[in-house]
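Now for the letters of each chain:
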Amino acid sequence: MKGTKTTTSATSSSKSTTSSSYGTGKSTAGSTTKAGDKHNSKEFKENFLRKVQFCSGIYDLNDDSKDVKEKAERLSHLQELSELLNDQNNVVNLVIPHLDAVIEMVEKNIFRPLPIIRKASAPGEGAQEEIEEIVDPSWPHLQPIYEFFLQLIVNDAADAKSLKVYITHTFIQEFLELFDSEEPREREYLKNILHRLYAKLVPRRKMIRKAITDCFYTLIHENYKFNGAAELLDILASIISGFAVPLREEHVYFFKTVIIPLHKVQTCQIYHEQLLRCSMLFLSKDPSLAIPLVDGLLRYWPFANSAKETLFLTELLEVLEVCDMIKLEPLIPRLFKRLNRCIAGPHLQVADRAMCFFENDYFLSILKTYKSQTFPMLVPVIVAIADTHWHKVLQESLNALKVILKEIDVHAFEKAMNAKDSKSLYLVQDMKTLKKERQKVEDKWKVLTKQAALKNPNYKEPVVPYIENHIVGQHNGINNGNIYLL
């Protein structure tokens, strides 16, 4: 009986030691023999590989009712694998020798067709306020694998020599495709992982930059939207800040073929903050790039998108402060023509942002330097709308601007104000003239309508939204005394 108890006790002790050593990576009790150590080490590795293999299984992560037991066990195994990375000995002796199986596990879990996530609206107390929350049922199952991968990459034991074998061109391409995920938490993990890979794998840096460039080419020339553009630009900002001065030719080419054309993308406002940061980092390295950027902003100026137009005005003012005034001369007509349109336009925020230019000292010096070109364009428009603008605050700003322009050069101001053949006056239409032109058009349509009624007795005159006796005609701007044709 005593022998039986002793054997049972030893077996129990052995199991306890094996279990604790897997979780912590510590050595077994001092009474264990060297042969026992080797046995436990083999069992330790087999247990590790078994868990890696189990976590490589494919499950339907979007349906919580399927494979419930297996998913729970998988999450448990992933937690244990992550804990292994806390001990350098485990990383060196277990993970690195079996890095092929580990990377395969990561690939099988994250490389997948991206789902179209439905947006679940969570209405509050007020019916008008609805908070849209993106729901991805697979994220709780994906987050542990991303966390494991990130911790593996940042681990000092996972050196570049070991990792670069598995970080191939195909891997990077598939990894970048995941940035189009609608789950913001996934994109944040992807950004951190790719950034760490770029920092650690020096031999793969050029390949990663080229893959990111190709991704942006697709966004610029083929797709109108890419969810991960902001995250990729965040990575690029860190890369650009490390560029040596003077910039290499390939970096200047990247600025002109990627950074500038990214402004023309329809969904530019989603990532404009990050794009502006990248642009300004390039200009800090080479101020001469400011001229091509101003040219690009004027070329890709948004149409019928006031929010994007406001962002462009903000960026344009920042870029102008870096520009060499002499090199800016060829762009002066286009620049002030655009500002004229913004000031005379019907959108208050756009006009207000354009007026902020005249609070900038460097911009005023540009205005003074090229007053022979700028005054004939600006003065007639400013004078024409200063007393008639529909918004009181902006009207006061316009009158203040009149005073500023007059103080710069009274003679040039008077000459521009009295010029009757100003090309900029088309931006401001006189109400009486406009009404006469509108009446001529209406008379033509009445003649055509009578002819149509003679040929077809069943003809009914269509109801159009701009005639005065129609309800929309009272609110569409025809009779509001403030017409601007852009």
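Relevant structure appears above.
The sections below set out a description of the structure shown in this document. (Residues numbered from 1 in each chain as written. Predicted model: local features only at pLDDT ≥ 70, side-chain atom pairs only at ≥ 80, totals over all residues. Heavy atoms only, no water.)

**What about the overall build of the chain?**
Phase 1 of the analysis: Looking only at helices and strands, one finds 22 helices and 2 strands in the chain.
Phase 2 of the analysis: The burial tally for the chain puts 42% of its 486 residues in the buried class.
Phase 3 of the analysis: In the chain, the proportion of contacts linking residues at least 24 apart, taken out of those at least 6 apart, comes to 71%.
Phase 4 of the analysis: Summing over all exposed atoms, the chain offers an accessible surface of approximately 27,500 Å²; the carbon and sulfur share of this is 53%. (Helix = DSSP H or I, 4+ residues; strand = E, 2+ residues; numbered from the N terminus. Buried < 20%, exposed > 50% of the residue type's maximum accessible area, 1.4 Å probe, protein only. Contact = heavy atoms within 4.5 Å. Areas by Shrake-Rupley, 256 points an atom, 1.4 Å probe, with all protein chains shown as cover.)

**Quick look at the pattern of salt bridges**
Phase 1 of the analysis: Applying the stated criterion across every chain, the model contains 15 salt bridges.
Phase 2 of the analysis: Ionic pairing is found between arginine 185 and glutamate 183, a salt bridge with its closest N-O pair at 2.8 Å.
Phase 3 of the analysis: As a salt-bridge pair, lysine 210 and aspartate 214 come within 3.3 Å of each other at their nearest N and O atoms. Taken together, the positions of lysine 210 and aspartate 214, both in helix H10 (residues 205-221) and 4 residues apart, correspond to about one turn of that helix.
Phase 4 of the analysis: Classification of aspartate 214 as partly exposed rests on a relative accessible area of 29%.
Phase 5 of the analysis: A single network of salt bridges, built from pairs that share partners, joins Glu188, Lys191, Asp234 and Arg277. (Salt bridge = Lys/Arg side-chain N within 4 Å of Asp/Glu carboxyl O.)

**As for helix H4 (residues 88-95)**
Phase 1 of the analysis: Here H4 has its buried residues at Asn90, Val91, Leu94 and Val95. One side of H4 carries all its buried residues, which in axial view fall inside an arc of 100°.
Phase 2 of the analysis: Structurally, the start of H4 carries an N-cap: the backbone nitrogen of asparagine 89 is 2.8 Å from a side-chain oxygen of aspartate 87. (Arc of directions from axis to C-beta. Polar contact = N/O pair within 3.5 Å; in protein donor to acceptor, adjacent residues only side chain to side chain.)

**Things to note about the packing of aromatic side chains**
The description of an aromatic ring pair uses the distance of the two centres, along with the angle that the planes make with each other.
Phase 1 of the analysis: Taken as a whole and assessed by the stated rule, the structure comprises 14 aromatic pairs.
Phase 2 of the analysis: Summarising the aromatic geometry, the rings of tryptophan 301 and phenylalanine 312 are spaced 5.6 Å apart at their centres and angled 85° between planes, so their arrangement reads as edge-to-face. Residue tryptophan 301 is found in the loop between helix H14 (290-299) and helix H15 (306-320), and its partner phenylalanine 312 is found in helix H15; the two are separated by 11 residues along the sequence. Across the pair, phenylalanine 312 and tryptophan 301 agree in class, each one buried.
Phase 3 of the analysis: Following the ring pairs from residue to residue traces out a cluster consisting of Phe111, Phe149, Phe171, Phe175 and Phe179.
Phase 4 of the analysis: We note arginine 299 situated over the ring of tyrosine 300; from NZ or CZ to the ring centre the distance is 5.2 Å. (Phe/Tyr/Trp six-rings, centres within 6.5 Å; stacked < 30°, edge-to-face > 60°. Lys NZ or Arg CZ within 6 Å of the ring centre and 35° of its normal.)

**Some thoughts on the environment of proline 462**
Phase 1 of the analysis: Within the secondary structure, proline 462 sits in the segment after helix H22 (431-455).
Phase 2 of the analysis: A relative accessible area of 49% means that proline 462 is categorised as partly exposed.
Phase 3 of the analysis: It is 9.5 Å that separates the C-alpha atoms of proline 462 and threonine 449, two residues lying 13 residues apart in sequence.

**Brief notes about a nonpolar patch on the surface**
Phase 1 of the analysis: A grouping of Val441, Trp445 and Leu448 is seen on the molecular surface, where their side chains present a nonpolar patch of about 290 Å² in accessible area.
Phase 2 of the analysis: In this structure, valine 441 sits in helix H22. (Patch = residues over 30% accessible without salt bridge, like charges linked within 9 Å, V, L, I, M, F, W, Y side chains within 5 Å.)

**Focus on the side chain of threonine 310**
Phase 1 of the analysis: Structurally, the position occupied by threonine 310 is in helix H15.
Phase 2 of the analysis: Polar side-chain contacts of threonine 310 include one of 2.9 Å to the backbone oxygen of serine 306.
Phase 3 of the analysis: Residues in contact with threonine 310, not counting those within four places in the same chain, are Val350 and Arg353.

**What about the environment of leucine 335?**
Phase 1 of the analysis: Locating leucine 335 in the fold gives a position in helix H16 (residues 332-344).
Phase 2 of the analysis: On the basis of relative accessibility, which here comes to 1%, the residue leucine 335 falls in the buried class.
Phase 3 of the analysis: Considered as a pair, leucine 335 and valine 294 are 41 residues apart in the sequence and their alpha carbons are 8.5 Å apart.
Phase 4 of the analysis: Those residues within four positions of leucine 335 in sequence are excluded, and the remaining contacts are Leu298, Leu316 and Leu320.

**Brief notes about the side chain of histidine 272**
Phase 1 of the analysis: Tracing the backbone through its elements, the reader meets histidine 272 in helix H13 (residues 268-285).
Phase 2 of the analysis: On the basis of relative accessible area, histidine 272 is assigned to the buried category, the value being 4%.
Phase 3 of the analysis: A distance of 2.8 Å separates the side chain of histidine 272 from the side chain of glutamate 315, its partner in a polar contact.
Phase 4 of the analysis: Beyond its immediate chain neighbours, meaning those up to four positions away, histidine 272 contacts Leu311 and Glu315.

**Quick look at the environment of glutamate 107**
Phase 1 of the analysis: Structurally, the position occupied by glutamate 107 is in helix H5 (residues 99-110).
Phase 2 of the analysis: Sequence separation of glutamate 107 and phenylalanine 175 is 68 residues, and the distance between their C-alpha atoms is 9.0 Å.

**Observations concerning unusual backbone geometry**
Most peptide bonds adopt trans geometry, and most residues besides glycine take a negative phi value.
Phase 1 of the analysis: Cis peptide bonds are those with omega within 30 degrees of zero, and the linkage from valine 245 to proline 246 qualifies with 0°.
Phase 2 of the analysis: Structurally, proline 246 can be placed in the loop between helix H11 (229-241) and helix H12 (249-259).
Phase 3 of the analysis: Phi is positive for alanine 304, close to 60°, though the residue is something other than glycine.
Phase 4 of the analysis: Within the element layout of this structure, alanine 304 appears in the loop between H14 and H15.
Phase 5 of the analysis: Judged by its relative accessible area of 75%, alanine 304 falls in the exposed class.

**Here we look at H14**
Phase 1 of the analysis: Burial analysis of H14 places 8 of its 10 residues in the buried class, the great majority of the element.
Phase 2 of the analysis: Where H14 is concerned, the buried positions are Ala290, Ile291, Leu293, Val294, Asp295, Gly296, Leu297 and Leu298.
Phase 3 of the analysis: Buried residues belonging to H14 abut H12, H13, H15 and H16.

**Considerations on the packing of helix H20 (residues 392-408) against helix H21 (residues 410-418)**
Phase 1 of the analysis: Contact pair H20 / H21: the axes reach a minimum separation of 5 Å and the direction vectors enclose 120°. It follows from the interaxial angle that H20 and H21 lie oblique. Contact with H20, carried on its side by Lys402, Leu405, Lys406 and Ile408, involves Val410, Phe413 and Glu414 of H21 and no other residues of that element.
Phase 2 of the analysis: When the residues that make up the contact of H20 with H21 are grouped by side-chain class, the tally is 4 nonpolar, no polar and 3 charged. (Axes fitted to C-alpha atoms, helices over the stretch in contact; angles between N-to-C directions. Parallel < 35°, antiparallel > 145°, perpendicular 65-115°, else oblique. Nonpolar A, V, L, I, M, F, W, Y, C, P; charged D, E, K, R; others polar.)

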